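Here are the chains, one letter per residue:
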Amino acid sequence: MDFSLSPEEREVRDWVRTFVRKEIMPLEAEVLRRERANQPGLPVDELKALQLKAKDSGFWGVQTPQEYGGMGLSAVMTALLEAELGRSFVPFRFGGAADNILYHANDEQKQRYLLPTISGERKSCFAITEPGAGSDAKAIRTSARQDGADWIINGEKTFITGGHEADFTMVFAVTDKEKGANGGVTCFLVDREAGWKSEPIDTMGQWGPAALVFEDVRVPRENILGEVGRGFELAMQWIGRGRYLLPARALGACERLVGMAIEQANTRVTFGKPIADYQAIQWMIADSAVEIEALRWLVLHAAWLVDSGADSRHAQSVAKLFGGVKANEIVDRVLQIHGGMGYTRELPVERWYRELRLLRIYEGTDEIQRRTIARNLLKGHASVSGTLG
Ligand SMILES: Cc1cc2nc3c(=O)[nH]c(=O)nc-3n(C[C@H](O)[C@H](O)[C@H](O)COP(=O)(O)OP(=O)(O)OC[C@H]3O[C@@H](n4cnc5c(N)ncnc54)[C@H](O)[C@@H]3O)c2cc1C
């Protein structure tokens with residue numbers, strides 16, 4: 001069993017670590033200032049400029065297959081990179097990526113949707129959640145009915161990340177009510193010009209999603225992604241594309257936060273001593289470090305399973321659940337160690353506190369992960385002995 005990084009992995013990881021330290025972290029004060037003035041923290045032109053800078057060094061399309069101009073990196077490598085990016089709250093991501101399900105597009109759709117998304121000319125959004133269907137995604141009611149060679153879509157989607165900025169959406173609609181999620185849901189690629197409307201939703205974090213409204217939106221049948229009735233499988237594939245990446249990003253945030261807590265503990269003096277001398281503070285730091293260590297290996301183990309081609313879903317749920325719960329406990333402790341200053345907007349701790357809260361909700365809530373994990377165990381699809389059996 002070898003837990004070390006290969007020289008190549010270390011080199012790639014170190015490049016990103018330096019990029020984050022030199023190019024991303026110096027933006028933090030300005031990003032905070034803008035966000036607090038209700039402006040985008042990292043405007044699109046600045047994000048693009050940073051992405052191009054990274055591209056100059058070959059960092060483009062981290063998981064995009066090489067035949068599409070990407071790096072085609074492994075899941076383990078991607079998790080390591082995501083953890084490095086997570087060390088800053090600046091909402092940076094490498095360019096050159098497209099939603100995994102767009103690779104199911106036919107040749108003509110690839111030209112119109114996949115390639116422009118990879119190049120950054122067009123932005124997509126993934127729309128399954130509805131006001132009446134979140135965790136229970138099978139309960140969606142947005143419908144599409146056939147009208148000659150077209151389909152007419154009606155319904156409402158909510159909490160759609162990037163929904164207000166997207167040029168097109170991958171929307172999931174019921175095309176056969178009888179069959180529902182078992183063969184009666186279809187995915188449509190719908191350009192904004194087709195007439196759907198979006199309304200931003202204000203949230204406690206910075207990842208402002210949007211509500212989308214479809215009122216008799218007409219879509220030609222050429223815009224069906226995959227096959228009629230096979231949309232629900234595509235939706236599950238999108239959601240399952242990399243659950244390990246969410247806790248990977250949180251891992252980086254926790255490492256940085258605990259670093260801040262250690263510095264604060266060593267420098268803040270009360271009753272004549274640094275607070276680092278008090279066991280109450282030491283235990284918060286110790287527990288956080290242990291949990292970070294556990295999270296690191298859960299994330300990397302899940303990513304390793306993805307790379308091995310084995311069924312990684314159980315391991316990904318475990319990593320996502322643990323990451324969401326522990327990142328929230330850790331940021332809470334770090335805020336506590338900072339006392340009143342932790343609660344202010346002078347420090348970024350409260351920003352992380354708000355942002356990390358989302359991890360327990362989207363792409364499967366804690367409760368849904370627990371439900372999945374318990375079902376897998378109860379039905380014998382997974383064992384408490386883990387991968388080693
Ligand atoms: C910022 C943000 C971005 C998002 N981005 C997208 C996106 O891009 N595209 C998209 O389609 N969706 C997106 N979502 C939606 C997200 O996936 C849902 O919010 C999430 O799945 C939970 O659904 P819900 O909000 O309807 O909660 P509900 O399903 O109503 O759940 C409410 C509560 O009940 C619990 N619960 C539900 N069912 C069970 C059960 N069987 N057992 C135990 N407890 C249960 C839940 O865990 C939760 O605590 C986003 C959400 C947010 C907040």
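To be clear, the structure that these remarks concern was listed above.
Since we're looking at a predicted model, the values are computed, not measured.

Reading the values: rules and limits
Residues numbered from 1 in each chain as written. Predicted model: local features only at pLDDT ≥ 70, side-chain atom pairs only at ≥ 80, totals over all residues. Heavy atoms only, no water. Buried < 20%, exposed > 50% of the residue type's maximum accessible area, 1.4 Å probe, protein only. Helix = DSSP H or I, 4+ residues; strand = E, 2+ residues; numbered from the N terminus. Pairing = 2+ DSSP bridges. Salt bridge = Lys/Arg side-chain N within 4 Å of Asp/Glu carboxyl O. 1 Å grid on protein atoms, 1.4 Å probe; cavity = no way out; pocket = protein on both sides within 12 Å on 5 of 7 lines; lining within 4 Å. Points joined across faces, edges and corners; volume = space filled by probe spheres on them. Nonpolar A, V, L, I, M, F, W, Y, C, P; charged D, E, K, R; others polar. Expected span 1.5 Å × (residues − 1). Arc of directions from axis to C-beta. Contact = heavy atoms within 4.5 Å. Near = heavy atom within 4 Å. Polar contact = N/O pair within 3.5 Å; in protein donor to acceptor, adjacent residues only side chain to side chain. Phe/Tyr/Trp six-rings, centres within 6.5 Å; stacked < 30°, edge-to-face > 60°. Lys NZ or Arg CZ within 6 Å of the ring centre and 35° of its normal.

Draft legend 1. Main features of the pairing of strand β1 (residues 124–127). Residues of β1 alternate between two faces, with S124 and F126 on one and C125 and A127 on the opposite face, all of them buried. As judged from the 4 bridges shared by β1 and strand β4 (residues 168–174), these two strands associate in the parallel manner. Within the sheet, the bridge partner assigned to A127 lies in β4 and is V171.

Draft legend 2. The pattern of salt bridges, seen in detail. The tally for this structure, following the rule as stated, stands at 32 salt bridges. As a salt-bridge pair, E227 and R230 come within 3.9 Å of each other at their nearest N and O atoms. Of the residues examined, E227 reaches a relative accessible area of 51% and is grouped as exposed. Taking the relative accessible area as the measure of exposure, R230 reaches 41% and is therefore partly exposed. Note that E355 is salt-bridged to R351, the shortest N-O span being 2.6 Å. Note that E355 and R351 are positioned in helix α11 (residues 349–357) at a spacing of 4 residues, about one turn of the helix. Both residues of the pair, E355 and R351, count as buried. Look at the salt bridges and you will find they share partners, linking E30, R33, R34 and E46 into a network.

Draft legend 3. Region of the structure containing the layout of surface pockets. Taken as a whole, the second largest pocket holds about 690 Å³ of empty space. What lines the second largest pocket is a set of 24 residues, and nearest its centre among them are D2, F3, W297, L300 and H301. When residues of the lining of the second largest pocket are traced back to their parent elements, those giving at least two are α1 (7–24), α4 (75–86), α7 (245–267) and α8 (279–308). At 7 residues, α8 tops the list of elements feeding residues into the lining of the second largest pocket. Across the lining of the second largest pocket, the residue classes break down as 13 nonpolar, 3 polar and 8 charged.

Draft legend 4. View of α1. With 18 residues, α1 should reach 26 Å at 1.5 Å per residue; the first-to-last C-alpha distance of 24 Å fits that figure. Residues V12, R13, V16, F19, V20 and I24 constitute the buried set of α1. Take α1 and look down its axis: the buried residues cluster within an arc of 120°, on one side only. Away from the buried face of α1 by more than 90 degrees, exposed residues P7, E11 and K22 are located. Buried residues along α1 sit against α2 (28–36), α3 (44–56) and α4.

Draft legend 5. Up close: the site of the ligand. Taken together, 17 residues surround the ligand, and among them T129, S135, F159, T365 and E367 come closest. Taking F126, its main chain carries an N or O atom lying 2.9 Å from a nitrogen atom of the ligand. Residue T161 places a side-chain N or O atom 2.7 Å away from a nitrogen atom belonging to the ligand. Elements with a contribution of two residues or more to the shell around the ligand: β3 (150–161) and α12 (366–378). For the shell around the ligand, the class distribution of residues is 9 nonpolar, 5 polar and 3 charged.

Draft legend 6. Molecular detail of the packing of aromatic side chains. Going through the model one piece at a time under the given rule, you end up with 14 aromatic pairs. Plain terms: the ring middles of W15 and F19 are 5.1 Å apart, the flat faces sit at 15° to each other, and that makes the pair stacked. Taken together, the positions of W15 and F19, both in helix α1 and 4 residues apart, correspond to about one turn of that helix. For F19, a relative accessible area of 6% corresponds to the buried category. Of the aromatic side chains, those joined through ring pairs into one cluster are W15, F19, F59, F92 and F94. Over the face of the ring belonging to W60 we find K55, whose NZ or CZ atom lies 4.3 Å from the ring centre. Of note, R241 hangs over the ring of W238, and the distance from its end group to the ring centre comes to 3.9 Å.

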